[in-house]
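# Structural overview for review
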Amino acid sequence: QVQLVESGGGLVQPGGSLRLSCAASRFTLSVYAIGWFRQAPGKEREGVSCISSNDGTTYADSVMGRFTISRDYAKDTVYLQMNSLKPEDTAVYYCATPRRSKCPKSRHDITNWGRGTQVTVSS
């Protein structure tokens, strides 16, 4: 069983920053890729970023240059640093894993999801 717990969401003004955390059950980060997804009202859940077990990273075009994914093995935690936030970034953010070393192609590859954390970007 893989457990994932998100935290760090909240309300922020446009242009502001937030750092999301995904705490994983032990050993997960060294074995599996961890991805961040988000779902805005009325939209499908979409991939935001991912970090593989060999530290390769991917980003959606919409967040490239603004978001950074990283992981801390000692803390069993994956982070998503979000800068220059826009209202369109408003969504529930989920961390997830496909339970394999490579990053997923889509949400359909995910086998384990966190419960999500709300990010609201508004003035």
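This text follows the structure it describes.
Residues numbered from 1 in each chain as written. Predicted model: local features only at pLDDT ≥ 70, side-chain atom pairs only at ≥ 80, totals over all residues. Heavy atoms only, no water.

## Details of the packing of aromatic side chains
Each aromatic ring pair is described using two quantities: the centre-to-centre distance and the angle formed by the ring planes. Enumeration over the complete set of coordinates arrives at two aromatic pairs. Plain terms: the ring middles of Phe37 and Trp113 are 5.1 Å apart, the flat faces sit at 65° to each other, and that makes the pair edge-to-face. Placement of the pair is Phe37 in strand 4 (residues 34–39) and Trp113 in strand 10 (residues 112–113), with a sequence separation of 76 residues. Considering the side-chain rings of Tyr94 and Trp113, the 6.1 Å spacing of their centres and the 85° angle between planes classify their relative orientation as edge-to-face. Taken together, the positions of Tyr94 in strand 9 (residues 91–97) and Trp113 in strand 10 put the pair 19 residues apart, joining distant regions of the chain. A residue is classified by how much of its surface remains accessible, and Tyr94, at 12% relative accessible area, is buried. Three or more aromatic residues joined by ring pairs form one cluster here, namely Phe37, Tyr94 and Trp113. One cation-aromatic arrangement involves Arg19 over Tyr79; the distance from NZ or CZ to the ring centre is 3.8 Å. The lysine or arginine in question, Arg45, covers the ring of Trp113, its NZ or CZ lying 4.6 Å from the ring centre. (Phe/Tyr/Trp six-rings, centres within 6.5 Å; stacked < 30°, edge-to-face > 60°. Helix = DSSP H or I, 4+ residues; strand = E, 2+ residues; numbered from the N terminus. Buried < 20%, exposed > 50% of the residue type's maximum accessible area, 1.4 Å probe, protein only. Lys NZ or Arg CZ within 6 Å of the ring centre and 35° of its normal.)

## Some words on the sheet that holds strand 1 (residues 4–7)
Within the open sheet, the four strands sit side by side as 1-3-8-7. Their pairing is antiparallel. Of all strands in the sheet, those with a lone pairing partner are strand 1 and strand 7 (67–72), marking the two edges. The mean inter-strand angle of the sheet, taken between neighbouring strand axes irrespective of direction, is 15°. Alignment of strand 3 (residues 18–24) against strand 8 (residues 77–82), held across six bridges, turns out to be antiparallel. Note on strand 8: the bridge partner recorded for Leu18 is Met82. (Pairing = 2+ DSSP bridges. Axes fitted to C-alpha atoms, helices over the stretch in contact; angles between N-to-C directions.)

## Considering the layout of surface pockets
Taken as a whole, the largest pocket holds about 200 Å³ of empty space. Contributing to the lining of the largest pocket are 17 residues, with Phe37, Gly47, Val48, Pro104 and Lys105 lying nearest its centre. Those elements that place two or more of their residues in the lining of the largest pocket are strand 4, strand 5 (46–51) and strand 6 (57–59). If one sorts the elements of the lining of the largest pocket by residue count, strand 5 sits on top with five residues. Tallied by class, the residues present in the lining of the largest pocket amount to eight nonpolar, five polar and four charged. (1 Å grid on protein atoms, 1.4 Å probe; cavity = no way out; pocket = protein on both sides within 12 Å on 5 of 7 lines; lining within 4 Å. Points joined across faces, edges and corners; volume = space filled by probe spheres on them. Nonpolar A, V, L, I, M, F, W, Y, C, P; charged D, E, K, R; others polar.)

## Things to note about the state of the cysteines
In this structure the tally under the stated criterion is two disulfides. With a sulfur-sulfur separation of 2.0 Å, Cys50 is cross-linked through a disulfide to Cys103. Because the torsion about its S-S bond is -95°, the bridge between Cys50 and Cys103 counts as left-handed. Within this pair, whereas Cys50 is found in strand 5, its partner Cys103 is found in the loop between strand 9 and strand 10, the two being separated by 53 residues in sequence. By relative accessible area, which is 4% here, Cys50 ends up buried. Note on Cys103: relative accessible area 18%, which makes it buried. (Disulfide = S-S within 2.5 Å.)

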